[in-house]
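Spelled out, the chains give:
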Amino acid sequence: MRQYELMVIFDPELDERSVPETLDKFLTVITKDGGTIDNIDHWGRRRLSYEIKKKAEGTYAVATFTCEPATSKELDRQLGLNEQVLRTKLLRTNA
């Protein structure tokens, strides 16, 4: 098991109150495979430094979790397929 940190930028048209629920749906991949979610931090809506998909703002969320490498790749793949997600960044914290 390895520790990871995930930053997700959601589409600003997505209601901020539904962001935690949407992120939790994705993070169930980790708990199903035996991983643990250590912390979820919702930063809220922020201005982007440059436009992504013609959007100037995004709703940020950061999660730290522990899981197997294959599980983290599957999570990143699922986030990349979702149209509500503008950008993701997945890092291994103890590399």
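All figures in this text were calculated on a predicted structure; none of them were measured in a lab.

**Student:** Any chance you could explain the nonpolar core here in plain terms?
**Tutor:** Looking at soluble globular proteins, one finds that nonpolar side chains tend to be buried together. Counting 17 residues, the largest nonpolar core has Val8, Phe10, Phe65, Leu75 and Leu79 as its most contacted members. Mapped onto this core, the elements with two or more residues apiece are strand S1 (2–10), helix H1 (19–32), strand S3 (55–67) and helix H2 (69–81). The element contributing the most residues to this core is H1, with five residues. Among residues more than four places away in sequence, those in contact with phenylalanine 10 are Val19, Thr22, Leu23, Gly58, Thr59, Ala61, Gln84, Val85 and Leu86. Of all hydrophobic cores here, the second largest spans five residues; its members include Ile9, Leu48, Ile52 and Tyr60.

**Student:** Is there a simple way to think about the pairing of S1 in this case?
**Tutor:** The side chains of a regular strand alternate, first on one face of the sheet and then on the other. Bridging between S1 and S3 involves nine bridges; their strand directions are antiparallel. For tyrosine 4, the partnering residue across the bridge sits in S3 and is phenylalanine 65. Across seven bridges, S1 lies against strand S4 (residues 85–92) in antiparallel orientation. Within the sheet, the bridge partner assigned to isoleucine 9 lies in S4 and is arginine 87.

**Student:** Where do I start with the environment of glutamate 13 in this structure?
**Tutor:** Assignment of secondary structure puts glutamate 13 in the loop between S1 and H1. Look at glutamate 13 and you get exposed, because its relative accessible area is 65%. Once the C-alpha coordinates of glutamate 13 and alanine 63 are considered, the two residues, 50 residues apart in sequence, prove to be 21 Å apart.

**Student:** It is not clear to me how the packing of H1 against H2 should be interpreted in this structure. Could you clarify?
**Tutor:** When two helices pack together, their arrangement is given by the angle between the helix axes and by the axis-to-axis distance. H2 packs onto H1 with a crossing angle of 160 degrees between their chain directions and a minimal axis gap of 9 Å. In terms of their interaxial angle, H1 and H2 are classed as roughly antiparallel. For H1 against H2, the interelement crossing comes out right-handed. On H2, the residues touching Phe26, Leu27, Val29 and Ile30 of H1 are Thr71, Glu74, Leu75, Gln78 and Leu79.

**Student:** What exactly am I supposed to notice about the packing of aromatic side chains here?
**Tutor:** To describe a pair of aromatic rings, you give the distance between the ring centres and the angle between the ring planes. Overall, the coordinates contain two aromatic pairs when judged by the stated rule. Ring geometry for tyrosine 4 versus phenylalanine 65: centroids 5.8 Å apart, planes at 25 degrees, classification stacked. On the criterion of sequence distance, the pair formed by tyrosine 4 in strand S1 and phenylalanine 65 in strand S3 is long-range, its members being 61 residues apart. We classify tyrosine 4 as buried; its relative accessible area is 7%.

What counts and what doesn't
Per chain, residues are indexed from 1 in the order of the written sequence. Given that this is a predicted model, residues contribute local features only at a pLDDT of at least 70 and side-chain atom pairs are listed and counted only at 80 or more, while totals for whole chains, interfaces and linings are drawn from all residues. Neither water nor hydrogens contribute to the side-chain values; these are computed over all heavy atoms in the structure. Throughout, nonpolar core names a set of buried Ala, Val, Leu, Ile, Met, Phe, Trp, Tyr and Cys residues whose side chains join them through atoms within 4.5 Å. Working definition: with a 1.4 Å probe on protein chains only, accessible area under 20% of the residue-type maximum means buried, over 50% means exposed, and in between means partly exposed. Elements are defined by DSSP. Helices are runs of H or I of four residues or more, strands are runs of E of two residues or more, and each kind is numbered from the N terminus. A contact between two residues is defined here by any heavy atoms of the two lying within 4.5 Å. DSSP-based pairing: two strands are paired if at least 2 bridges between them are found. The axes used here are C-alpha line fits, helices contributing only the stretch in contact, and every angle between their N-to-C directions lies in the interval 0 to 180 degrees. Orientation is classified from the angle alone, with under 35 degrees giving roughly parallel, over 145 giving roughly antiparallel, 65 to 115 giving roughly perpendicular, and any other angle giving oblique. Crossings are assigned a handedness: left-handed for a near helix turned anticlockwise from the far helix by less than a right angle, right-handed for a clockwise turn. Only centres within 6.5 Å qualify two rings of Phe, Tyr or Trp (six-membered ring in Trp) as a pair; their planes then separate them into stacked at under 30 degrees, edge-to-face at over 60, and tilted for everything else.

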